[in-house]
Amino acid sequence: MEEKIRKTDPERRYRRVLSASSLASDRVRNPAGEDLGKAHDLMIDLHSGRVAYVVLSYGGLLGIGNKLFAVPWNAIKVDEDEKCLILNMDKQRLENAPGFDKDNWPDMADQQWSGRVHEFYGTQPYSEETEQPKTFRGGGGI
């Protein structure tokens, strides 16, 4: 998980837990510093409790004509120092990403749709990652 947080201040302690609302309003940039839009929302997989996608709002003028993109969470890095999210993609490639508009959201649980999105971003679905979520198997109380 440490690689998900970009650190530029070695003396600063970084948080491992952030509120969804604090991330959902962050700017999204690429490593070159180009603005790629804004994190519009975070999509949570209710079964696993994991963030599945960052819904990125890109383009348009004053929120009108924006295109939305579901970017897999494992394609995003968090930059706490700059309070932004980092997506390793240039603007031209992002414009060709599978997207949708605010009135026509895809079924993000659809495996065919998810497969196309993960293929585009070069990621694999978190359900196929080798690290499995930890489960509590204890029986005693506190």
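Rules and cut-offs
Residues take numbers from 1 onward in each chain, read along the sequence in its written order. Residues qualify for local features only when their pLDDT is at least 70, as the model is predicted, and side-chain atom pairs are given and counted only at 80 or more; totals for whole chains, interfaces and linings, by contrast, use all residues. Note that water and hydrogens are dropped before the side-chain values are worked out from all heavy atoms of the structure. Per-residue accessibility, obtained with a 1.4 Å probe over protein chains only, is compared with the maximum for each type, and a residue is labelled buried under 20%, exposed over 50%, and partly exposed between these values. By definition, any uninterrupted DSSP run of H or I lasting at least four residues is a helix, any uninterrupted run of E lasting at least two residues is a strand, and each is numbered from the N terminus. It is the directions from the helix axis to the C-beta atoms whose arc is reported. Should any heavy atoms of two residues lie within 4.5 Å, those residues are counted as being in contact. Here a polar contact is taken to be a pair of N or O atoms separated by no more than 3.5 Å, where protein atoms must pair a possible hydrogen donor with a possible acceptor and residues adjacent in sequence count only if both atoms sit in side chains. When two rings of Phe, Tyr or Trp (its six-membered ring) have centres within 6.5 Å they constitute a pair, described as stacked for plane angles under 30 degrees, edge-to-face for angles over 60, and tilted for the intermediate range. Charge-over-ring placement is defined geometrically: NZ (Lys) or CZ (Arg) within 6 Å of the ring centre, and within 35 degrees of the ring normal.

**Considering helix α3 (residues 111–121)**
Considered for burial, the residues of α3 that qualify are Trp113, Ser114, Val117, His118, Phe120 and Tyr121. The arc that holds the buried residues of α3, viewed along the axis, is 160°, so those residues lie on one side. In α3, those exposed residues whose orientation departs by more than 90 degrees from the buried face are Gln111, Gln112 and Glu119. In this structure, the buried side of α3 is in contact with β4 (51–58), β5 (67–72), β7 (84–87) and α2 (91–95). One or two positions beyond α3, positive phi appears at Gly122, with a value near 70°.

**Focus: the environment of Asn66**
When you line up the elements, Asn66 lands in the loop between β4 and β5. Distance in space between the C-alpha atoms of Asn66 and Leu56 is 9.5 Å, their sequence separation being 10 residues. Within the structure, the side chain of Asn66 is placed 2.4 Å from the side chain of Ser57, a separation counted as a polar contact.

**Observations regarding the packing of aromatic side chains**
Evaluated as defined, the whole model comprises four aromatic pairs. Taken together, a centroid distance of 5.3 Å and an interplanar angle of 70° make the contact between Tyr53 and Trp113 edge-to-face. One end of the pair, Tyr53, is in strand β4; the other, Trp113, is in helix α3, with 60 residues separating them in the sequence. Between Tyr58 and Phe69, the aromatic rings sit 6.4 Å apart at their centres with planes inclined by 55°, giving tilted as the arrangement. Within this pair, whereas Tyr58 is found in strand β4, its partner Phe69 is found in strand β5, the two being separated by 11 residues in sequence. Phe69 matches Tyr58 in its accessibility class, with the two residues each being buried. The residue whose ring lies beneath Arg93 is Phe120, and the NZ or CZ to ring-centre distance is 4.0 Å.

**Looking at unusual backbone geometry**
One non-glycine residue, Lys83, lies in the positive phi region at around 55°. Relative to the helices and strands, Lys83 resides in the loop between β6 (76–79) and β7. Assessed through its relative accessible area of 53%, Lys83 is described here as exposed.

Such coordinate-based values are descriptive only and should not be taken to indicate function.
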